[in-house]
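Notes for the structure review
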Amino acid sequence: LFVLVLKADGHVSEAELQAVSRALRDEHGEAAVKKLQEKLDADALPNTKDACAALVDMPPDDREMLLHSLFIAGYSDNQYGLPEQKALREIATELEIDDATYDRLQQESLEEHNRRMRLVRSGTGLLAAGAILAMFIVTATFLKAVLFGLILAYFFLPVAQRLSRSFINNGLAAKCYSGLGLLFAPFRLII
């Protein structure tokens, strides 16, 4: 039945396949996912009457849960069109689910899908905000050293230029340096 819903519009999107595979894996294990993939790869579509005939004996709650899962599969690619609606209506008829229950399950599934999409969108926004915040933190961490260096250069560059001019022109700095040289002259002789 999942294959009928997934292939109803002519192509199976990656989002549909992931949603159905995840649900089948959680409920029935990896073997069910392999079987789904085999049926999807086959060219022939399963017969709706034959597939539903074995499920009519299920309790009504289980049939409703199955139809709910099929609706979720139909909504998973954000394109719930007429082909999916026709396929799901046919499945509901074969599963002997009345119109009121069908409409209720369709509405519940749509609300659940919309809630999930809002959560995904808000999670995406939260992720983007976290990435921007991380970028600012990293930038501030490394930029702090650069800014501190620029501030030091701004204040000490004039001092360095003044000292260099003093050395070149035999100013006060040059005399202090030569005075230190005279002070250490006896130690130079010993060395």
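Refer to the preceding data block for the structure.
The sections below set out a description of the structure shown in this document. (Residues numbered from 1 in each chain as written. Predicted model: local features only at pLDDT ≥ 70, side-chain atom pairs only at ≥ 80, totals over all residues. Heavy atoms only, no water.)

Observations regarding the packing of aromatic side chains
Scanning all chains against the criterion turns up 1 aromatic pair. Consider the rings of Tyr154 and Phe155, whose centres lie 5.4 Å apart with planes at 75°: the pair is edge-to-face. You'll find Tyr154 and Phe155 in the same group, each marked exposed. (Phe/Tyr/Trp six-rings, centres within 6.5 Å; stacked < 30°, edge-to-face > 60°. Buried < 20%, exposed > 50% of the residue type's maximum accessible area, 1.4 Å probe, protein only.)

Remarks on the pattern of salt bridges
Tallied over the entire structure, the rule returns 3 salt bridges. With a closest N to O distance of 3.9 Å, Asp103 and Arg89 form a salt bridge. Residue Asp103 is found in helix H7 (residues 99-168), and its partner Arg89 is found in helix H6 (residues 82-94); the two are separated by 14 residues along the sequence. Accessibility expressed as a relative area gives 41% for Asp103, which makes it partly exposed. For Glu108, the salt bridge goes to Arg104, with nearest N and O atoms at 3.2 Å. Highlighted residues: Glu108 and Arg104, both in helix H7, separated by 4 residues, approximately one helical turn. (Salt bridge = Lys/Arg side-chain N within 4 Å of Asp/Glu carboxyl O. Helix = DSSP H or I, 4+ residues; strand = E, 2+ residues; numbered from the N terminus.)

Some details on the packing of helix H5 (residues 60-75) against H6
Closest axis-to-axis distance for the H5/H6 pair is 11 Å, and the angle between their directions is 175°. Classified by the interaxial angle, the pair formed by H5 and H6 is roughly antiparallel. Contacts between H5 and H6 pair Leu67, Leu70 and Phe71 from the former with Leu88, Ile91 and Ala92 from the latter. A per-class count over the contact of H5 with H6 returns 6 nonpolar, no polar and no charged. (Axes fitted to C-alpha atoms, helices over the stretch in contact; angles between N-to-C directions. Parallel < 35°, antiparallel > 145°, perpendicular 65-115°, else oblique. Contact = heavy atoms within 4.5 Å. Nonpolar A, V, L, I, M, F, W, Y, C, P; charged D, E, K, R; others polar.)

Focus: the nonpolar core
Of all hydrophobic cores here, the largest spans 27 residues; its most connected members are Phe2, Leu36, Leu67, Leu70, Phe71, Leu88 and Ile91. Mapped onto this core, the elements with two or more residues apiece are helix H1 (2-6), helix H2 (14-28), helix H3 (30-41), H5, H6 and H7. Residue contributions to this core peak at 6 residues, all from H5. (Core = buried A, V, L, I, M, F, W, Y, C linked by side-chain atoms within 4.5 Å.)

Examining the environment of Ala92
By the secondary structure assignment, Ala92 is in helix H6. By relative accessible area, which is 1% here, Ala92 ends up buried. Remark: the alpha-carbon pair of Ala92 and Leu143, spanning 51 residues in sequence, is separated by 63 Å. Excluding residues that lie within four positions of it along the chain, Ala92 makes contacts with Leu67, Ile97 and Tyr102.

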